[in-house]
Amino acid sequence: MEKEQLTLESTLQSVDDAEAIAMREAEKAGFEEDDQQQIGMAVRECMVNAVVHGNRYNKKKKVHLDLEPSATGLTVVIGDEGDGFDVNSLPDPLAPDNLMRQSGRGLLLVRAFMDDFQVQPRPGGGTEVHLRKNLAR
């Protein structure tokens, strides 16, 4: 199984492309259709965050997508070239004041769909999210 590394534009088309690529890789890795969909949605959410919040649609900034299938699952790393952010500073999407907001639930879904989720500063600037989904045995 081969690692795939892509550099994508800061566009919504890249979001669609990344989702499709992740779902294809998940299928090749042996995930069931429900898991493929969850991986696709998690990648989509993180890509939207990278394009919209990280790079702010800046055409000079790229989104970096790494997919690494293994015998035990799939690891996805998505990095932007933005100013970075602290995941702990985000408002709680389940707090009563935030329930009706249009945004803020994406990372909640990502955490629910993936087995591991980490956010860290990206080497060279920006933010990097690490996603992992384990194959059911």
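Notes on the structure in this doc start here. Source: prediction; values computed, not measured. (Residues numbered from 1 in each chain as written. Predicted model: local features only at pLDDT ≥ 70, side-chain atom pairs only at ≥ 80, totals over all residues. Heavy atoms only, no water.)

Section: the overall build of the protein chain
Point 1. The secondary structure content of the protein chain amounts to 3 helices and 5 strands.
Point 2. Across the 137 residues of the protein chain, 41% fall into the buried class.
Point 3. Considering only contacts within the protein chain whose residues lie at least 6 apart along the sequence, 62% involve residues at least 24 apart.
Point 4. Surface summary for the protein chain: the accessible area is close to 8000 Å², and the carbon and sulfur share equals 49%. (Helix = DSSP H or I, 4+ residues; strand = E, 2+ residues; numbered from the N terminus. Buried < 20%, exposed > 50% of the residue type's maximum accessible area, 1.4 Å probe, protein only. Contact = heavy atoms within 4.5 Å. Areas by Shrake-Rupley, 256 points an atom, 1.4 Å probe, with all protein chains shown as cover.)

Quick word on helix 1 (residues 12–29)
One full turn of an α-helix is made of 3.6 residues, so residues set three or four places apart face in the same direction.
Point 1. With 18 residues, helix 1 extends 26 Å from end C-alpha to end C-alpha; this agrees with the ideal 26 Å at 1.5 Å per step.
Point 2. Taken together, the buried positions of helix 1 are Ser14, Val15, Ala18, Glu19, Ile21, Ala22, Met23, Glu25, Ala26 and Ala29.
Point 3. For helix 1, the secondary structure elements touched by its buried residues are strand 1 (4–9), helix 2 (33–54), strand 2 (62–70) and strand 3 (73–79).
Point 4. Trailing helix 1 by a residue or two, Gly30 shows a phi angle of about 105°, which is positive. (Expected span 1.5 Å × (residues − 1).)

With respect to a negative patch on the surface
Point 1. On the surface, a cluster of negative charge is made up of Glu27, Glu32, Glu33 and Asp34.
Point 2. Position of Asp34 relative to the elements: it lies in helix 2.
Point 3. Accessibility expressed as a relative area gives 61% for Asp34, which makes it exposed. (Patch = residues over 30% accessible without salt bridge, like charges linked within 9 Å, V, L, I, M, F, W, Y side chains within 5 Å. Salt bridge = Lys/Arg side-chain N within 4 Å of Asp/Glu carboxyl O. Lys, Arg positive; Asp, Glu negative; His and termini not counted. Charge placed at Lys NZ, Arg CZ, Asp CG, Glu CD.)

Focus: the sheet that holds strand 4 (residues 116–121)
Point 1. The 5 strands are arranged 1-2-3-5-4 in an open sheet whose pairing can be described as antiparallel. Every other strand in the sheet has two partners, leaving strand 1 and strand 4 as the edge strands with one partner each. Across the sheet, the axes of successive neighbouring strands diverge by a mean angle of 15°, strand direction being ignored.
Point 2. Pairing of strand 1 with strand 2 involves 6 bridges; the strand directions are antiparallel. Within strand 2, the residue paired with Gln5 across the bridge is Asp66.
Point 3. Contacts from helix 2 reach strand 1, strand 2, strand 3, strand 4 and strand 5 (127–134), with the element oriented near 175° to strand 5. (Pairing = 2+ DSSP bridges. Axes fitted to C-alpha atoms, helices over the stretch in contact; angles between N-to-C directions.)

Describing helix 3 (residues 106–113)
Point 1. Those residues of helix 3 not exposed but buried are Gly106, Leu107, Val110 and Phe113. For helix 3, the buried positions fall inside an angular range of 125° around the axis, keeping them on one side.
Point 2. Of the surrounding elements, those touching the buried residues of helix 3 are helix 2, strand 4 and strand 5. (Arc of directions from axis to C-beta.)

Here's the deal with the environment of His130
Point 1. Following the sequence through the fold, His130 ends up in strand 5.
Point 2. Separated by 14 residues in sequence, His130 and Asp116 place their C-alpha atoms 7.6 Å apart.
Point 3. Beyond its immediate chain neighbours, meaning those up to four positions away, His130 contacts Val76, Val77, Asp116, Phe117, Gln118 and Gln120.
Point 4. In this structure the side chain of His130 is engaged in a polar contact, spanning 3.3 Å, whose partner is the side chain of Gln120.
Point 5. In this structure the side chain of His130 is engaged in a polar contact, spanning 3.0 Å, whose partner is the side chain of Glu128. (Polar contact = N/O pair within 3.5 Å; in protein donor to acceptor, adjacent residues only side chain to side chain.)

Observations concerning the environment of Thr11
Point 1. Here Thr11 lies in the loop between strand 1 and helix 1.
Point 2. C-alpha separation for the pair Thr11 and Tyr57, spaced 46 residues apart in sequence, amounts to 6.2 Å.

Shape is all these values report; function is a separate question.
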